[in-house]
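Examining the three-dimensional arrangement
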Amino acid sequence: NNITGEIPSDLFTDYTEMIDFRVRANTDLFGTIPITLKYMTKLSTLYLDNCAFSGELPTELGQLTKLTELHLHQNDLSGSLPPELGSLTSLVQLYMDNNRLRDGIPTTLGKLVKLE
């Protein structure tokens, strides 16, 4: 695709009814994951993998409680996994590999009993 630059933060406030958001394999997409993602409360699938996203994961991801799939692998994300991800109890798939995440796995992720 020809999408480049940062994801505009208002994208997530304009499309709050979306249930599936996939941006994959585009290293021309960079910047942080906008905290406005929290407004997409009906989202069940979120793929932002194989891009060039950086910075820390927003704690607001924990507000997307309908997520069943979260793919953030192969980016340049750093920092720790937010404990708030433990609120995503419908999550079946979680891919975070090939980033610069540190500090291990928060104990709150033990609540994610549906993970495959």
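Description of the structure in this document.

Criteria and cut-off values
Residues numbered from 1 in each chain as written. Predicted model: local features only at pLDDT ≥ 70, side-chain atom pairs only at ≥ 80, totals over all residues. Heavy atoms only, no water. Pairing = 2+ DSSP bridges. Helix = DSSP H or I, 4+ residues; strand = E, 2+ residues; numbered from the N terminus. Axes fitted to C-alpha atoms, helices over the stretch in contact; angles between N-to-C directions. Core = buried A, V, L, I, M, F, W, Y, C linked by side-chain atoms within 4.5 Å. Buried < 20%, exposed > 50% of the residue type's maximum accessible area, 1.4 Å probe, protein only. Contact = heavy atoms within 4.5 Å.

1. A short note on the sheet that holds strand β3 (residues 45–47)
Across the sheet, four strands lie side by side as β1-β3-β5-β7; this open sheet has parallel pairing. Unpaired on one side and paired on the other, β1 (20–22) and β7 (93–95) mark the two borders of the sheet. Averaged over all neighbouring strand pairs, the angle between strand axes comes to 10 degrees, with direction disregarded. Sheet analysis places β3 next to strand β5 (residues 69–71), joined by three bridges and oriented parallel. Pairing of Leu 46 across the sheet is with Leu 70, part of β5.

2. A closer look at the nonpolar core
Of all hydrophobic cores here, the largest spans 27 residues; its most connected members are Leu 37, Leu 46, Leu 48, Leu 70 and Leu 72. What Leu 48 contacts, discounting residues up to four positions off in sequence, is Ile 7, Phe 21, Val 23, Ile 33, Phe 53, His 71, Leu 72 and Asn 75.

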